[in-house]
Amino acid sequence: MTQRSTGALVEASTSANAGNAWDMSSRAAAVGNQALLHNQGGAMVIQGSQSNSAQVRSTAINTAYDYGAVEAYAQASGNQLYAGNQDIWIQIDNAQFNQGGVQATATFSGHNGYDVYVGADAVGNAVTGYGCASCGATMTSTNNQTNNGAVSSVVNSSVTGSARAVITGSNATGNSATFYVSGN
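Rules used throughout
- Residues numbered from 1 in each chain as written.
- Predicted model: local features only at pLDDT ≥ 70, side-chain atom pairs only at ≥ 80, totals over all residues.
- Heavy atoms only, no water.
- Helix = DSSP H or I, 4+ residues; strand = E, 2+ residues; numbered from the N terminus.
- Buried < 20%, exposed > 50% of the residue type's maximum accessible area, 1.4 Å probe, protein only.
- Contact = heavy atoms within 4.5 Å.
- Areas by Shrake-Rupley, 256 points an atom, 1.4 Å probe, with all protein chains shown as cover.
- Disulfide = S-S within 2.5 Å.
- Phe/Tyr/Trp six-rings, centres within 6.5 Å; stacked < 30°, edge-to-face > 60°.
- Pairing = 2+ DSSP bridges.
- Axes fitted to C-alpha atoms, helices over the stretch in contact; angles between N-to-C directions.

Trainee: Describe the overall build of the chain, and please don't skip the residues or the numbers.
Mentor: Looking only at helices and strands, one finds 0 helices and 9 strands in the chain. Helices (α) and strands (β) of the chain occur, in sequence order from the N terminus, as β-β-β-β-β-β-β-β-β. Its C-alpha atoms give the chain principal-axis dimensions of roughly 55 × 40 × 20 Å. Taking all 184 residues of the chain together, the buried fraction comes to 41%. For the chain, the share of sequence-separated contacts (at least 6 apart) that also reach a separation of at least 24 residues comes to 82%. With an accessible surface of roughly 8500 Å², the chain has 46% of that area assigned to carbon and sulfur atoms.

And the structure:
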């Protein structure tokens, strides 16, 4: 599998706005290259190469004067690979190169309400490999990741009146790799 993203911009943006809202959500996700691979019934061998030079930007905005529960979540990735096998063997040979900037921004603004959840996650390169332990899976992996782009994650929350809870989180990661064999 080979993926190349060379355009100027990959962008996802959403904005949800209301005067009075009970449950309202705003979610945006932008990815330069993405491969989601699943197998059930035999060995799985993945040779992946992903290269992203595009700017990847994701923005989620949520505003409400009065609200019950509101959420704004933005996720941005230069390259993503997920490979999962529900059988005996999984082999992953992965190479990821990101040189584009990656930015995730989530914003909430409101007056009176209950629960506010605002989150943003940005990553240059991410790979996840999964094998089924109860299937007797064995996993081998070779992983090479290079991130030369700026990665940023920003969360903004503003409540001008009262709120029961305001929960915010922001994560920015250059390279992320997770490999595991797990049972049911």
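Trainee: With reference to specific residues and values, describe the state of the cysteines.
Mentor: One pass over the structure, following the stated rule, counts 1 disulfide. With a sulfur-sulfur separation of 2.4 Å, C132 is cross-linked through a disulfide to C135. Taking the sign of the S-S torsion, about 70° here, the bridge from C132 to C135 comes out right-handed. Judged by its relative accessible area of 1%, C132 falls in the buried class.

Trainee: So what's going on with the environment of G42? Which residues, and what values?
Mentor: Mapped onto the fold, G42 is located in the loop between strand 2 (9-39) and strand 3 (44-52). Residues G42 and N85, spaced 43 residues apart in sequence, show a C-alpha to C-alpha distance of 8.4 Å. Setting aside residues no more than four positions away along its own chain, G42 makes contact with N85, D87, I88 and W89.

Trainee: How would you summarise the packing of aromatic side chains if you had to cite specific residues and measurements?
Mentor: In the structure shown here, the tally under the stated rule is 3 aromatic pairs. Plain terms: the ring middles of Y67 and F108 are 5.2 Å apart, the flat faces sit at 80° to each other, and that makes the pair edge-to-face. Taken together, the positions of Y67 in strand 4 (residues 55-85) and F108 in strand 6 (residues 102-132) put the pair 41 residues apart, joining distant regions of the chain.

Trainee: Got a sec to walk through the sheet that holds strand 1 (residues 2-5)? Specific residues and values, please.
Mentor: Judged by pairing direction, the sheet is parallel, and its 4 strands sit side by side in the order 1-3-5-7 without closing on themselves. The open sheet terminates on both sides in strands that have one partner only, identified here as strand 1 and strand 7 (138-147). Between one strand axis and the next, the sheet turns by 5° as a mean value, whatever way the strands run. Examined bridge by bridge, strand 5 (residues 89-98) and strand 7 share 10 bridges and lie parallel to one another. Residue pairing for strand 7: A95 is matched across the bridge by N144.

Trainee: Residues and numbers for the pairing of strand 3, please.
Mentor: In strand 3, alternate side chains face the same way, and those of M44, I46, G48, Q50 and N52 are buried while those of V45, Q47, S49 and S51 on the opposite face are not. Relative to strand 3, strand 1 is paired through 4 bridges, and the arrangement is parallel. From the neighbouring strand, S5 faces strand 3, where its bridge partner is N52. Bridge count for strand 3 against strand 5 is 9 bridges, and the pairing is parallel. Residue S49 lies in a different strand from strand 5, and its bridge partner there is A95.

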